[in-house]
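Letter by letter, the chains look like this.
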Amino acid sequence: MIKLETISKTESARYMGVKGVPSGQVKEILDRLEPVVRERVRPAYVYRKTSVRFTEDGLFLDGINRELSGNDIKKHLTGCTSAVVMAVTLSGEADKFIRQTAVTDIADSLAVDCLCSSAVEQACDIAEKEIFSVVEAPYRTWRFSAGYGDFPLDIQKDLLYFLNANRRIGLTVTENSLLIPSKSVTAIIGISEKPVSHGKKGCESCSMKGNCAFSAIGKTCSEGK
């Protein structure tokens, strides 16, 4: 279980389309709802370390019985001999709270949704820090999620099965490869014995810029789901 001491209101406001430090009504709403969201959500994570194999047939992670297709994930893991697969969720309480507030106040519901988006990214940061306090990684890549670039979303099912995420943290996936609870993230972090430099994280470096599942809903994969 992850404990969030605070949720970034500046990041939450950015998800709401507000640049800079929030003020006025946005600040009032976020100030009021931030501690409630922290009380309601139940951040948790699972992870598993595995070996990376580049073969004539493609890129594979030991324990996952399918190729990791897409040029972007191949570039990302080039030079890596192992990887950590991780999954983070805020639990079903986040989705429940968003639905509840939508019934009574749309502005509150939007704020709760954006606070949760910020919270799950912070939870990922905490999880990654905790993971690599026990997993040796001389050098590592940043988190690479399904749906980023040309790395297909339909790998989600295989990642969750590999992690036994349903039993361990209650994380499942729909037929359309969407995570349930929705405020959840899966990611792969490459580990190398040598320095790795695989480009910047964000839309500007993505081959799918403006034409991916995240941009379609006004978000980026580097900001979390």
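The sections below set out a description of the structure shown in this document. Note that the structure is predicted; figures quoted are calculated from it, not measured.

Digging into unusual backbone geometry
Negative phi values dominate among residues other than glycine, just as trans dominates among peptide bonds.
Right, so step 1: The omega torsion across I180 and P181 is 0 degrees, close enough to zero to call that bond cis.
Right, so step 2: Notably, N164 is not glycine yet its phi reads approximately 55 degrees, a positive angle.
Right, so step 3: Inspection of the secondary structure puts N164 in the loop between α6 (156–163) and α7 (165–169).

A look at the packing of aromatic side chains
Right, so step 1: For the structure on display, the rule yields five aromatic pairs.
Right, so step 2: With 4.9 Å between their ring centres and 90 degrees between their planes, F144 and Y148 make a pair best called edge-to-face.
Right, so step 3: In textbook terms, an aromatic cluster arises when at least three aromatic residues are bridged by ring pairs, as seen for W142, F144, Y148 and F151.
Right, so step 4: Seen from the ring of Y15, R14 lies directly overhead, with NZ or CZ sitting 5.5 Å from the centre.
Right, so step 5: Lying across the ring of F132, R140 places its NZ or CZ 4.3 Å from the centre.

Overview of the packing of helix α4 (residues 92–104) against helix α5 (residues 106–131)
Relative orientation and spacing of two packed helices are given, respectively, by the angle between their axes and the distance between those axes.
Right, so step 1: Direction vectors running N to C along α4 and α5 enclose 160 degrees, while the axes themselves pass 6 Å from each other. As judged from the angle between their axes, α4 and α5 are roughly antiparallel. α4 and α5 meet at a crossing whose hand is left-handed. Between α4, through A94, F97, I98, T101, A102 and T104, and α5, the contact on the second element is made entirely by I106, D108, S109, V112, D113 and C116.
Right, so step 2: Split into classes, the residues belonging to the contact of α4 with α5 amount to seven nonpolar, three polar and two charged.

Focus on the sheet that holds strand β3 (residues 82–89)
Right, so step 1: In space, the five strands of this open sheet follow the order β2-β1-β3-β7-β4, with antiparallel pairing throughout. With one partner strand each, in any of the chains shown, β2 (58–61) and β4 (139–140) form the two edges of the open sheet.
Right, so step 2: Of the pairings in the sheet, the one linking strand β1 (residues 44–55) to β2 comprises four bridges and is antiparallel in character. For V52, the partnering residue across the bridge sits in β2 and is L61.

Things to note about helix α2 (residues 24–40)
Right, so step 1: A rise of 1.5 Å per residue sets the reference length of α2, with its 17 residues, at 24 Å; its end C-alpha atoms lie 25 Å apart and thus fit the reference within 8%.
Right, so step 2: Roughly 35 degrees is the biggest bend found in α2, and it falls at L33, with proline P35 one to four residues downstream.

About the thresholds
Residues numbered from 1 in each chain as written. Predicted model: local features only at pLDDT ≥ 70, side-chain atom pairs only at ≥ 80, totals over all residues. Heavy atoms only, no water. Helix = DSSP H or I, 4+ residues; strand = E, 2+ residues; numbered from the N terminus. Phe/Tyr/Trp six-rings, centres within 6.5 Å; stacked < 30°, edge-to-face > 60°. Lys NZ or Arg CZ within 6 Å of the ring centre and 35° of its normal. Axes fitted to C-alpha atoms, helices over the stretch in contact; angles between N-to-C directions. Parallel < 35°, antiparallel > 145°, perpendicular 65-115°, else oblique. Left-handed = near helix turned anticlockwise from the far one by under 90°. Contact = heavy atoms within 4.5 Å. Nonpolar A, V, L, I, M, F, W, Y, C, P; charged D, E, K, R; others polar. Pairing = 2+ DSSP bridges. Expected span 1.5 Å × (residues − 1). Bend = angle between axes of the 7 residues up to and from the residue.

These figures capture arrangement, not role.
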